[in-house]
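Descriptive structure summary
Listed below, chain by chain, are the residues.
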Amino acid sequence: MNKRKTVETTVYIKEKDLKNLRENTKKLKKAEENLSRINKQLEEMKEKYLRLAADFDNYKRRVEKEKQDIFKYGIENLIMQLIPFDDIFESVLKQMENKPSPEIVHKGLEMLKTEFSKILEAAGVKKINSLNNRFDANIHEASEVIETDDYQDGQIIEEERAGYLLNGKTIRPALVKVAKKKCDVTDNDSKNFRSCKD
């Protein structure tokens, strides 16, 4: 039988090395605590990110649905404003079946014009008042300049097509004829010379 002998050995560690070992152990423990704290923060940030991404996806879906609803039902107000036109057409047609006359047609057209003007006004559309006013290039378009002494220079004497403003902005300029003072044409040294009366 072999008997094993236990040998005790004494290891001597320098005090300096022991001190370094203790400091390194403390540093390692602190580093492990920091790593644990950082991992916890990282996990919290990951959860916040996932919640934020889910919220953003929900927001995008909600905005898309709102856009679709606006497109789908936004025209409802316009349709509700147009329905009276159908009523007027039906009324005029029924009256014409019973008693056809130009007066009924005229009255029906006046009713349609009145309803249509109400719709435009409610939408912020205003007709430009041009006749007898001075030409303004911001709201008028000249179709013709007419030489005359009956009107002031630059005065609008005829409106060919109405112009419109939408909330103060010109959306269609009025097409107008504008007055210009008559000019005398004389021959001066074989060249044409125009001089306008003021």
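See the structure shown above.
Here goes a summary of the coordinates provided. Computed from a predicted model, the values in this text were never measured in an experiment. (Residues numbered from 1 in each chain as written. Predicted model: local features only at pLDDT ≥ 70, side-chain atom pairs only at ≥ 80, totals over all residues. Heavy atoms only, no water.)

1. Quick look at the packing of helix α2 (residues 76–98) against helix α3 (residues 102–122)
- Contact geometry for α2 and α3: axes closest at 10 Å, N-to-C directions at 175°. On the basis of their axis angle, the class for α2 and α3 is roughly antiparallel. For the pair α2 and α3, the contacting residues are Q81, L82, P84, F85, I88, F89, V92, Q95 and M96 in the first and I104, V105, G108, M111, L112, E115, F116 and I119 in the second. (Axes fitted to C-alpha atoms, helices over the stretch in contact; angles between N-to-C directions. Helix = DSSP H or I, 4+ residues; strand = E, 2+ residues; numbered from the N terminus. Parallel < 35°, antiparallel > 145°, perpendicular 65-115°, else oblique. Contact = heavy atoms within 4.5 Å.)

2. Comments concerning the sheet that holds strand β5 (residues 169–172)
- Here we have 3 strands laid out as an open sheet, ordered β1-β4-β5, and antiparallel in their pairing. The open sheet has two free edges, formed respectively by β1 (125–127) and β5, since each of these has just one partner strand. Taking each pair of neighbouring strands and ignoring which way they run, the sheet shows an average axis angle of 35°.
- Inspection of the sheet shows β1 paired to strand β4 (residues 164–166) by 3 bridges, in the antiparallel sense. When the bridges of β4 are listed, V125 appears paired with L166. (Pairing = 2+ DSSP bridges.)

3. Comments concerning α2
- A rise of 1.5 Å per residue sets the reference length of α2, with its 23 residues, at 33 Å; its end C-alpha atoms lie 34 Å apart and thus fit the reference within 8%.
- When α2 is considered as a whole, its buried residues turn out to be F85, I88 and V92.
- In this structure, the buried side of α2 is in contact with α3. (Expected span 1.5 Å × (residues − 1). Buried < 20%, exposed > 50% of the residue type's maximum accessible area, 1.4 Å probe, protein only.)

4. With respect to a nonpolar patch on the surface
- A cluster of nonpolar side chains, I75, L78, I79, M80, L82 and I83, forms an exposed patch at the surface whose accessible area comes to about 510 Å².
- Within the secondary structure layout, L78 lies in helix α2.
- Among the residues examined, L78 registers a relative accessible area of 40% and is labelled partly exposed. (Patch = residues over 30% accessible without salt bridge, like charges linked within 9 Å, V, L, I, M, F, W, Y side chains within 5 Å. Areas by Shrake-Rupley, 256 points an atom, 1.4 Å probe, with all protein chains shown as cover. Salt bridge = Lys/Arg side-chain N within 4 Å of Asp/Glu carboxyl O.)

5. Let's talk about the environment of L18
- Secondary-structure assignment places L18 in helix α1 (residues 15–73).
- Sequence-wise, L18 and R134 are 116 residues apart; in three dimensions their C-alpha atoms are separated by 104 Å.

6. What to know about the sheet that holds strand β6 (residues 174–180)
- With mixed pairing, the 3 strands of this open sheet are ordered in space as β2-β6-β3. Every interior strand has two partners, whereas the edge strands, β2 (140–147) and β3 (156–161), have only one. Shown here is a sheet whose adjacent strand axes are inclined to one another by a mean of 25°, direction ignored.
- Bridge analysis of β3 against β6 gives 4 bridges, and the strand direction is antiparallel. In the strand pairing of β6, E158 is matched with K177.

As far as function goes, none of this settles anything; it's purely spatial.
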